[in-house]
Structure formats: C-alpha cells, structure tokens
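Descriptive structure summary
As a plain string of letters, each chain reads:
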Amino acid sequence: TEIEGHPVKELIAEHGSPLFVLSENVIRSTYRELLQAFSTRYPKVQMAWSYKTNYLDAVCRIYHQEGAWAEVVSWFEYEKAISNGVDPRHIIFNGPYKSAEELRVSLKNGSLVHIDHFDELYQIIHISEDLPGKAKVAIRINMDTGIYPQWERFGFNYENGEAWTAINRIMNSPNLELVGLHTHIGTYIMSTSAYATATYKLAELAVRTER
C-alpha cells in the first residue's frame, strides 16, 4: 500500500499507471549486503553492474557510486557506461557479437573483453598486433553442471577441451593477457550444487593455467 512512506494510490494519481518505482535505499543496501558477503570471505572482490539488467542511467550511476564496474553486452551499453563516467578500464565487454571496430576501440581503451568463440579470438589476436600494450581478455566457458538443458550456445566447452585450447592459444599470443574465466550456467537455477560444480571446474582451469 505504500513505498517508503509514499502511498501507492497517491503515486498513481500523480504519475499514472502503469508506474515503476525503484528505491535507491534498497538498491544501495542490497548491493552492500552482497559485497560484504563476498568480501568477508575472499581477499579480492570486484562487483560489476550488468547493464542489460537495467540500463536506466539513474540506476547504473547508483551502482557505480557504490564502486561497481560496468558489465555490458553491446556497443550501445558500452557507450552508455562511458557517458555515465565509467573508466574504460572498469568496463567488462561481454556478449556473443562484437564488431572488429568495437573490439579495436575497447581493447585500445584498456577494457576487459570476454571472448565468446574462436572467430572472435582470432580476430582479437590480429587486432592486438597494432595495440600499444597487451590486450586484457577473458574467455566464456560453458560446461555440464548437472542442469538440463545445458547452456552450450555461447563460449568454449569445458568437457571437450575447447576451453583449454583457447586458453593455450591466448597464453601463446605475445599481445594478449588472460585475466579471467567466465561462465553463465543458466537462469532461475536454485541448486547450489550446480554453482559449486561450475566453480570447481573454473578453479581447475585456473590452477592449470598458473602452472
């Protein structure tokens, strides 16, 4: 019937219906709770706000004020993050399609690019030859976590060795620096065991890479 002391009927009478109301207080407190849950258990934690979740400038800026980086999946979102004052080095460029020019600009800016497939990897290797420094990249990995249907449309597969092949290709490229491993196993997954399996497999790859 009310939102932070404002009666819903009065809000609708003033602004009309349908009406979407977001609470800045709730956004900030929820973010801080999440950050605390991770930072009290792990020495290095960096949150990033997913622009595709909600790219209203007011919402994005709240998260950035709290210290979150920007995670984007399109050039539209990349430019929006820049316009919101995000340092390009604090932008994670994700998604299955990135044009050659978008890759060139984002890598030159020092943004972290998540590679989604071999075509993109080879394109980045070629682009990186003309960059002043090493391009910072990560790879997206799909895997079997016991959840069906398995998400396998995006990224490099863990079970058939694609992920390890991609890692080796990056490690052997003098102009690339592998700085991350990424997976998105699906949506509406409530089983903690699936996330535990994904974490174990990513950690295994990370350890093999360090060796």
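Residues numbered from 1 in each chain as written. Predicted model: local features only at pLDDT ≥ 70, side-chain atom pairs only at ≥ 80, totals over all residues. Heavy atoms only, no water.

What follows is about helix α2 (residues 24–39). Its 16 residues give α2 an end-to-end C-alpha distance of 22 Å, which sits within 8% of 22 Å, the value for a rise of 1.5 Å per residue. Among the residues of α2, those classed as buried are Ile-27, Arg-28 and Tyr-31. Projection of α2 onto a plane perpendicular to its axis shows the buried side chains occupying an angular sector of 90°, all on one side. Residues of α2 that are exposed and angled more than 90 degrees away from the buried face: Asn-25, Glu-33 and Gln-36. Lining the buried residues of α2 we find α3 (57–65). (Helix = DSSP H or I, 4+ residues; strand = E, 2+ residues; numbered from the N terminus. Expected span 1.5 Å × (residues − 1). Buried < 20%, exposed > 50% of the residue type's maximum accessible area, 1.4 Å probe, protein only. Arc of directions from axis to C-beta. Contact = heavy atoms within 4.5 Å.)

The next point concerns the nonpolar core. Ranked by internal contacts, the top residues of the largest apolar core, which has 44 residues, are Tyr-51, Val-72, Leu-107, Ile-115, Ile-124 and Ile-139. Apart from residues lying up to four places away in sequence, Tyr-51 is in contact with Cys-60, His-64, Ala-70, Glu-71, Val-72, Glu-77, Lys-80, Ala-81, Asn-84 and Val-86. (Core = buried A, V, L, I, M, F, W, Y, C linked by side-chain atoms within 4.5 Å.)

A word on helix α7 (residues 162–171). Those residues of α7 not exposed but buried are Ala-163, Ala-166, Ile-167 and Ile-170. Viewed end-on, α7 has its buried residues packed into an arc of 100°, placing them on one side of the element. For α7, the secondary structure elements touched by its buried residues are β6 (112–115), α6 (118–128), β7 (135–142), β8 (156–157), β9 (176–182) and α8 (192–210).

Burial along β6 is two-sided: Leu-112 and His-114 facing one way and Val-113 and Ile-115 facing the other are all buried. One ladder, built from two bridges, connects strand β5 (residues 91–93) with β6; its direction is parallel. By the bridge assignment for β6, Ile-92 is matched with Leu-112. Since β5 and β6 lie parallel, the crossover through helix α5 (residues 100–108) that links them has a hand, and here it is right-handed. Looking at chain direction, β6 and β7 are connected through three bridges and run parallel. In the strand pairing of β7, Ile-115 is matched with Ile-139. (Pairing = 2+ DSSP bridges. Right-handed = clockwise from strand over helix to strand, strands pointing away.)

Another point: the environment of Arg-140. Structurally, Arg-140 can be placed in strand β7. A residue is classified by how much of its surface remains accessible, and Arg-140, at 10% relative accessible area, is buried. Separated by 43 residues in sequence, Arg-140 and Thr-183 have C-alpha atoms that sit 5.4 Å apart. Sequence-distant contacts of Arg-140, that is, excluding residues within four places in its chain, are made with Ile-115, Asp-116, Trp-151, Phe-154, Gly-155, Phe-156, His-182 and His-184.

Turning our eyes to something else, we now look at the packing of aromatic side chains. Aromatic ring pairs: the centre-centre distance and the angle between the two ring planes describe each pair. Per the stated rule, a full pass over the model turns up nine aromatic pairs. For the pair Trp-75 and Tyr-78, a centre-to-centre distance of 4.4 Å together with 5° between the ring planes defines the contact as stacked. Here the residue Trp-75 and the residue Tyr-78 both occupy positions in helix α4 (residues 75–83), the gap between them amounting to three residues, near one helical turn. Residue Tyr-78 is classed as buried on the basis of its relative accessible area, which comes to 2%. Plain terms: the ring middles of Phe-118 and Phe-156 are 4.8 Å apart, the flat faces sit at 80° to each other, and that makes the pair edge-to-face. Here Phe-156 lies in strand β8 and Phe-118 lies in helix α6, a separation of 38 residues in the sequence. Owing to a relative accessible area of 22%, Phe-118 belongs among the partly exposed residues under this scheme. Over the ring of Phe-93 we find Lys-98, and its NZ or CZ is 5.7 Å from the ring centre. Lying across the ring of Trp-164, Arg-208 places its NZ or CZ 3.9 Å from the centre. (Phe/Tyr/Trp six-rings, centres within 6.5 Å; stacked < 30°, edge-to-face > 60°. Lys NZ or Arg CZ within 6 Å of the ring centre and 35° of its normal.)

All we've got here are geometric facts, nothing functional implied.
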